[in-house]
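A closer look at the structure
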Amino acid sequence: MNSTAEVSKSLALRPLTPKLGAAISDVKLADDMSDDVFRAIYQAFVRYQVLLFPPQDVPPARQVSFARRFGAVQIHVMKQYHADGFPELYRLSNLDENGNPNGRHPDKGTLAWHTDGSWQRVTGQATIIYGEVMPETGGETHFADMYGAYERLDARWKARIANMRAVHNLDFSRTRRHGEDPMTDAQRREKPPVDQPVVRTHPETGRKCLYLGDHAEYIVGMPYDEGRALIEELNALAIHPDLTYEHRWTARELLLWDNRCVMHRATPYDPKTQGRVIRRCTVLGEVPT
Ligand SMILES: [Fe+2]
């Protein structure tokens, strides 16, 4: 991995916490981006795990083309969220056609710690979110470092989970968290549950990370209830305040993170009085190992 100093050469970069996250202030995402600048952004993405770009215009087509430089972009199975004619973009909004809050949170599943796309064989690499409208209070996005989560487990935990696999299931996490807007039978068939390693090795840094979150339902080869309890225990053990970055949004910021080594969640807001609209896309990575 390249050093921070080398990354900083071409980017104005400020760490957001001692361990996790950096803000990049000198890149206009709406402009054409050279390969050198993209390479520097990518190095920062691998090094800092979460990147923040300050308020700026990022048209939908630019968000998609930026995402494509990271890799193949996911077309989400929940087609009702597709935005702006781009099936790569997924909009979460609580505004009605007149721009007024409709009182309904668009995806309560985002309120629990998770990692995007863990419910499919090829999981999410980067997620890129553009904040179109942000509430005055709440609606934050929090990040937790899963390298640190793994490293802080004691030797007994590490030995116990070394070769364990968990089954991740989007239908499970949606149904148990809120049961709203359930997946159709066709969507369930398209995205059946998949098993993933509980400890994955980041393909670029070679470091081990804890890989669970809210889509993880049960443990392969373990009684269901015992596996559920173990997942809940590890999901709680994974969160350390000093390894967490809590982002309070300003509208028109763009956030980008590495799903292979961070978990994230949104915090609640009042969808009856406050608007929140985000435009999201997820870049596909690889099959976790
Ligand atoms: Fe997410």
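For the structure itself, look to the data block above.
Below you will find a few notes about this structure. (Residues numbered from 1 in each chain as written. Predicted model: local features only at pLDDT ≥ 70, side-chain atom pairs only at ≥ 80, totals over all residues. Heavy atoms only, no water.)

1. A few points about the overall build of the protein chain
- When its secondary structure is counted, the protein chain shows eight helices and 16 strands.
- Relative to a compact globule of 289 residues, whose C-alpha radius of gyration would be 19 Å, the protein chain shows 18 Å and is just as compact.
- The C-alpha extent of the protein chain, read off along each of the three principal axes, is 50 × 45 × 30 Å.
- The buried share among the 289 residues of the protein chain stands at 54%.
- Put simply, 82% of the contacts in the protein chain that link residues at least 6 apart link residues at least 24 apart.
- Carbon together with sulfur atoms contributes 50% to the accessible area of the protein chain, which is approximately 12,500 Å² in total.
- Each charge class in the protein chain can be summarised by its mean position, and for the 37 positive and 38 negative side chains these summaries are 3 Å apart. (Helix = DSSP H or I, 4+ residues; strand = E, 2+ residues; numbered from the N terminus. Rg over C-alpha atoms; globule rule 2.2 N^0.38 Å. Buried < 20%, exposed > 50% of the residue type's maximum accessible area, 1.4 Å probe, protein only. Contact = heavy atoms within 4.5 Å. Areas by Shrake-Rupley, 256 points an atom, 1.4 Å probe, with all protein chains shown as cover. Lys, Arg positive; Asp, Glu negative; His and termini not counted. Charge placed at Lys NZ, Arg CZ, Asp CG, Glu CD.)

2. A few points about the pairing of strand 6 (residues 124-133)
- For strand 6, the tally of buried residues reaches eight of 10 residues, placing the bulk of the element in the interior.
- The pairing of strand 6 with strand 16 (residues 277-284) spans seven bridges and is classified as antiparallel. The residue of strand 16 that forms the bridge with Thr-127 is Thr-282. (Pairing = 2+ DSSP bridges.)

3. A few points about the coordination of the iron ion
- Listed as protein donors to the iron ion are His-114 (NE2), Asp-116 (OD) and His-264 (NE2); their distances from the metal cover 2.1 Å.
- Sequence spacing of the donors to the iron ion: H-x1-D-x147-H. Residue His-114 is found in the loop between strand 5 (86-93) and strand 6, and its partner His-264 is found in strand 15 (residues 262-266); the two are separated by 150 residues along the sequence. (Donors = N, O, S within 2.8 Å, 3.2 Å for Na, K, Ca; no water.)

4. As for the nonpolar core
- Core analysis: the largest hydrophobic core is formed by 31 residues, its most contacted members being Ile-41, Leu-51, Phe-53, Phe-66, Phe-70 and Leu-256.
- Counting residues per element, this core draws most heavily on helix 2 (residues 35-48), which supplies eight residues.
- With 25 residues, the next largest nonpolar core counts Trp-113, Trp-157, Val-198 and Met-263 among its residues. (Core = buried A, V, L, I, M, F, W, Y, C linked by side-chain atoms within 4.5 Å.)

5. A few points about the environment of Leu-52
- By the secondary structure assignment, Leu-52 is in strand 3 (residues 50-53).
- For the pair Leu-52 and Leu-13, spaced 39 residues apart in sequence, the C-alpha separation works out to 9.6 Å.

6. So, the side chain of His-264
- Residue class for His-264 comes out buried when judged on its relative accessible area of 5%.
- At a separation of 3.1 Å, a polar atom in the side chain of His-264 contacts the side chain of Asp-116. (Polar contact = N/O pair within 3.5 Å; in protein donor to acceptor, adjacent residues only side chain to side chain.)

7. A few points about the packing of aromatic side chains
- Applying the stated rule across the entire model yields 11 aromatic pairs.
- Look at Tyr-42 and Phe-45: their rings are 5.3 Å apart centre to centre, the planes differ by 50°, and that puts the pair in the tilted class. Here Tyr-42 and its partner Phe-45 are both found in helix 2, three residues apart, which amounts to about one turn of the helix. Here Tyr-42 and Phe-45 have matching classes, each one buried.
- Summarising the aromatic geometry, the rings of Phe-66 and Phe-70 are spaced 5.3 Å apart at their centres and angled 90° between planes, so their arrangement reads as edge-to-face. One end of the pair is Phe-66 and the other is Phe-70, both in helix 3 (residues 60-70) and four residues apart, which spans about a single turn.
- The class of Phe-66 is buried, set by a relative accessible area of 5%. (Phe/Tyr/Trp six-rings, centres within 6.5 Å; stacked < 30°, edge-to-face > 60°.)

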